[in-house]
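Residues per chain are reported as follows:
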Amino acid sequence: QVQVVESGGGLVQAGGSLRLSCAASGNIRSIDTMGWYRQAPGKQREWVATIDSRGTTNYADSVKGRFTISRDNAKNTVYLQMNSLKPEDTAVYYCKAAVITTPSYKYVEVWGQGTLVTVSS
């Protein structure tokens, strides 16, 4: 079994910064892509950023230039550094990890429970 746990959310003023963390644990052989998604009140969940095992990153246009995704493979952890935050960034932020499990070599996508980010104007 694999678990993913996010942390680092909170309340911040517009223009401020937050750093989210997401740690995967359990029966992990390797992790392929890790990503961040968010869901604002009354809206559908949307993709924010992803990073693959080689460190290749992709960002949604709405966060490009303000957010930075990174990972520490030794710790099975992905980070999201969020700068120049705007009220429209307010959402629950979810982490997803694409994992190859051990010992079964099964491919699974695991979501965390989410962490709330609130940006005040």
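Structure's up top.
Computed from a predicted model, the values in this text were never measured in an experiment.

Thresholds applied
- Residues numbered from 1 in each chain as written.
- Predicted model: local features only at pLDDT ≥ 70, side-chain atom pairs only at ≥ 80, totals over all residues.
- Heavy atoms only, no water.
- Salt bridge = Lys/Arg side-chain N within 4 Å of Asp/Glu carboxyl O.
- Buried < 20%, exposed > 50% of the residue type's maximum accessible area, 1.4 Å probe, protein only.
- Helix = DSSP H or I, 4+ residues; strand = E, 2+ residues; numbered from the N terminus.
- Disulfide = S-S within 2.5 Å.

(A) Region of the structure containing the pattern of salt bridges. Tallying each qualifying case throughout the model produces 6 salt bridges. Here R38 ties to E46 by a salt bridge, and the two come within 2.6 Å at their closest N and O atoms. For R38, a relative accessible area of 6% translates into the label buried. Accessibility expressed as a relative area gives 36% for E46, which makes it partly exposed. Across the pair K96 and E109 runs a salt bridge, and its minimum N-O distance is 3.6 Å. Placement of K96 in strand β9 (residues 91–101) and of E109 in strand β10 (residues 107–111) is noted, with a sequence separation of 13 residues between them. Residue class for K96 comes out buried when judged on its relative accessible area of 17%. Salt bridges sharing partners connect three or more residues here, namely R38, E46, R66 and D89.

(B) Broad picture of the state of the cysteines. For the structure shown, the criterion picks out 1 disulfide. Between C22 and C95 runs a disulfide, and the two sulfur atoms are separated by 2.0 Å. Between C22 and C95, the S-S torsion sits near -75°, and that sign places the bridge as left-handed. Placement of C22 in strand β3 (residues 18–26) and of C95 in strand β9 is noted, with a sequence separation of 73 residues between them.

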